[in-house]
Amino acid sequence: MGTRLSIVPPEDYRLGRDVCSYGYFVLWPNHWDVDRRALTRSLELPEGPAAVGITQPSEIPGGKLTARFDRALARPEQAEAKRQIARMLRLSESADDIAAFHRVDKRFKKTGHGRLFRSPTLFEDVIKTVTSCNVAWPSTVNMNQRLCEVVGRKTGLDGFPTFPTPAKMARTRVGTLRARCRVGYRDQRMVELGKLFAPRGKKPPELDPEWFEDPANDDEVVFKRLIDLPGIGPYAAGNIMQLLGRYSRLAIDTETIRHAKNVLGYAGTERELHKKIEAHYEPFGAHKFRSYWFELWEFYEQKAGPAETWRRDSVARAFTASQLK
């Protein structure tokens, strides 16, 4: 019989809204079940992979979360599972944190938007960000599905795959990533990232995720360290910053430019648009990315309906503004 865990979230936490708040919720192995109102995915745990379904039975903000696993978890595994779930759902961001954002940007107080869904590990966030660079969103969706199916491990729940671990990515042949996972030029970079994040025998990884997560480290220092990583440019570094809970930077890409033209009504060269975009969000300070993202997300939901109603395998491939306009 599988383990069942009860998790107390922040008092304002609402599962559907806060899971369906960022595009990664439709990327494998994540699956938001619209009918069951459950987030299902696999986690890598000390004694092997496990599939989990997360629900909020009371359906009220702050109601306890229930995590049901497809196998029994030992106590150390339970603690690790809770840690990964808390990171993924941003349970460390308190109601006070979100209220501080709403004081800066009152537009989102009514909806309660403030948390952006992310992955259970920094490594998964980094790889997912790499798959979103210089490519249309449907290809990002396909790459992540293939990475899970080809490089991930299977769980007991209908062979549900995990996201690749750093160690498994480090051992994967570049040709496999390119031919079977269809990651294109990203192949070598992914292997290099796997090696940086994977333990080195009995030695710790060359990159310590906790250093990036530590709020004591200055944003500028963290950003520069991210830029040094294989395959990470300014956009990717900016996006990883917000995935680390560092919202003071924007991640400007073609979606941002399209949003500036179509929604904000800006015109000019790309360089001029960059300046106008930065100026538009500058008043939001430390919450700059949040304000940008939920403004963009609001546009998506106007076109495709509430994100909580999006079915992964149909909406995921029609997600970008270019296809929704």
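For the structure, check the block above.
Procedures and definitions
Residues numbered from 1 in each chain as written. Predicted model: local features only at pLDDT ≥ 70, side-chain atom pairs only at ≥ 80, totals over all residues. Heavy atoms only, no water. Phe/Tyr/Trp six-rings, centres within 6.5 Å; stacked < 30°, edge-to-face > 60°. Helix = DSSP H or I, 4+ residues; strand = E, 2+ residues; numbered from the N terminus. Buried < 20%, exposed > 50% of the residue type's maximum accessible area, 1.4 Å probe, protein only. Pairing = 2+ DSSP bridges. Axes fitted to C-alpha atoms, helices over the stretch in contact; angles between N-to-C directions. Polar contact = N/O pair within 3.5 Å; in protein donor to acceptor, adjacent residues only side chain to side chain. Salt bridge = Lys/Arg side-chain N within 4 Å of Asp/Glu carboxyl O.

Let's talk about the packing of aromatic side chains
The full count for this structure, using the stated rule, is 18 aromatic pairs. Pairing Phe101 with Phe294 gives two aromatic rings, centres 6.4 Å apart and planes at 40°, and the pair type is tilted. Of this pair, Phe101 sits in helix α3 (residues 95–104) while Phe294 sits in helix α14 (residues 288–304), placing them 193 residues apart in sequence. The two residues Phe101 and Phe294 agree in class, both being buried.

Some points on the sheet that holds strand β3 (residues 38–45)
Sheet architecture is open: five strands sit in the order β1-β5-β4-β3-β2, paired in antiparallel fashion. With one partner strand each, in any of the chains shown, β1 (4–7) and β2 (31–33) form the two edges of the open sheet. Each strand of the sheet is rotated relative to its neighbour by a mean of 25°, with strand direction disregarded. Where β2 and β3 come together, three bridges link them in antiparallel fashion. From the neighbouring strand, Trp32 faces β3, where its bridge partner is Leu39.

A closer look at helix α12 (residues 254–262)
Here α12 has its buried residues at Glu255, Thr256, Ile257, His259 and Ala260. For α12, the N-terminal capping position is held by Asp253, with its side-chain oxygen 3.1 Å away from the main-chain nitrogen of Glu255.

Observations regarding the pattern of salt bridges
If you walk through the whole model with that rule in mind, you get 26 salt bridges. In this structure, Arg115 and Asp18 form a salt bridge, with 3.5 Å as the shortest nitrogen-oxygen distance. Residue Arg115 is located in the loop between α3 and α4 (122–131), and its partner Asp18 is located in helix α1 (residues 15–19); the two are separated by 97 residues in the primary sequence. Side by side, Arg115 and Asp18 carry an identical accessibility label, which is buried. Salt-bridge contacts for Arg87 lead to Glu213; the nearest nitrogen and oxygen are separated by 2.8 Å. A residue pair is termed long-range when its members are at least 10 positions apart, and Arg87 in helix α2 (residues 75–89) and Glu213 in helix α9 (residues 209–213) qualify at 126 residues.

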